[in-house]
Amino acid sequence: MLTISRALVDQIIEHARADHPDEACGVIAGPEGSDRPVRFIPMQNAERSPTFYRFDSLEQLKVWREMDDRDEEPVVVYHSHTATQAYPSRTDISYASEPQAHYVLVSTRDEAETEFRSYRIIDGEVTEEPVQIDE
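Here the structure is a predicted model, which means the values were calculated and not measured. (Residues numbered from 1 in each chain as written. Predicted model: local features only at pLDDT ≥ 70, side-chain atom pairs only at ≥ 80, totals over all residues. Heavy atoms only, no water.)

Some words on the pattern of salt bridges
Reasoning step 1: Applying the stated rule across the entire model yields 11 salt bridges.
Reasoning step 2: For Asp-10, the salt bridge identified is with Arg-6, shortest N-O distance 3.6 Å. Taken as a pair, Asp-10 and Arg-6 lie in helix H1 (residues 6-19) at a separation of 4 residues, close to a single helical turn.
Reasoning step 3: Among the residues examined, Arg-6 registers a relative accessible area of 32% and is labelled partly exposed.
Reasoning step 4: In this structure, the salt-bridge partner of Glu-128 is Arg-117, at a minimum N-O distance of 2.9 Å. Here Glu-128 is found in strand E7 (residues 125-129), whereas its partner Arg-117 is found in strand E6 (residues 115-122), with 11 residues between them in sequence. (Salt bridge = Lys/Arg side-chain N within 4 Å of Asp/Glu carboxyl O. Helix = DSSP H or I, 4+ residues; strand = E, 2+ residues; numbered from the N terminus. Buried < 20%, exposed > 50% of the residue type's maximum accessible area, 1.4 Å probe, protein only.)

Notes on the nonpolar core
Reasoning step 1: Ranked by size, the top nonpolar core spans 19 residues in total, and within it Val-27, Met-43, Phe-55, Val-63, Trp-64 and Val-77 carry the most contacts.
Reasoning step 2: At the level of secondary structure, the elements contributing two or more residues to this core comprise strand E2 (25-31), strand E3 (39-43), helix H2 (57-69), strand E5 (102-107) and E6.
Reasoning step 3: Those residues in contact with Met-43 that sit more than four places away from it in its chain are His-15, Cys-25, Gly-26, Val-27, Phe-55, Glu-59, Gln-60, Val-63 and Trp-64.
Reasoning step 4: If you look at the next biggest cluster of nonpolar residues, it comprises 15 residues, including Val-9, Ala-16, Ala-24 and Phe-40. (Core = buried A, V, L, I, M, F, W, Y, C linked by side-chain atoms within 4.5 Å. Contact = heavy atoms within 4.5 Å.)

Structural notes on the side chain of Ser-49
Reasoning step 1: Mapping Ser-49 onto the fold places it in the loop between E3 and H2.
Reasoning step 2: Looking at Ser-49, the relative accessible area reads 12%, which means it is buried.
Reasoning step 3: Of the polar contacts made by the side chain of Ser-49, one reaches the backbone nitrogen of Phe-52; its length is 3.2 Å.
Reasoning step 4: Not counting the four nearest positions on each side in its chain, Ser-49 is found in contact with Asp-22 and Glu-23. (Polar contact = N/O pair within 3.5 Å; in protein donor to acceptor, adjacent residues only side chain to side chain.)

Quick look at unusual backbone geometry
Reasoning step 1: Of note, the amide linkage connecting His-20 to Pro-21 takes the cis form, showing an omega dihedral of 15°.
Reasoning step 2: Inspection of the secondary structure puts Pro-21 in the loop between H1 and E2.
Reasoning step 3: Of note, the phi angle at Arg-48 is positive, near 45°, even though the residue is not glycine.
Reasoning step 4: Along the chain, Arg-48 turns up in the loop between E3 and H2.
Reasoning step 5: At Asp-71, a residue that is not glycine, the phi angle is positive and equals roughly 55°.

Things to note about the environment of Ser-97
Reasoning step 1: Checked against the element boundaries, Ser-97 lands in the loop between helix H3 (90-95) and E5.
Reasoning step 2: Taking relative accessible area as the criterion, Ser-97 reaches 54% and is therefore assigned exposed.
Reasoning step 3: Sequence separation of Ser-97 and Arg-36 is 61 residues, and the distance between their C-alpha atoms is 19 Å.

So this is what it looks like as structure tokens:
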């Protein structure tokens, strides 16, 4: 189960809406081994695409080094889908390289409603998990 604050959920959704029609992406860091998302880190979609995202390699290196220096890890890896449901694509699954992370997907296909879902992706296997939002 992903337990996450309302403020972090709002920041993810705000980023996804701001980057629409392109996919938005980023991470939420937390203390190593805590499974607690704390620090919101929006990132650039190097593809600038409505159907695909990829972290910029230099930005990713900088962010991961910063997390290492702070004894943090990526607790949440998030991105948006702009025209489809919030479910990992085959590409998303093949790129999932953080087995301890919660993979959050937000669908911005409907302006009035936001679909927010979380998954574990381990060795190519996708498992949806419940999301508990704390105020």
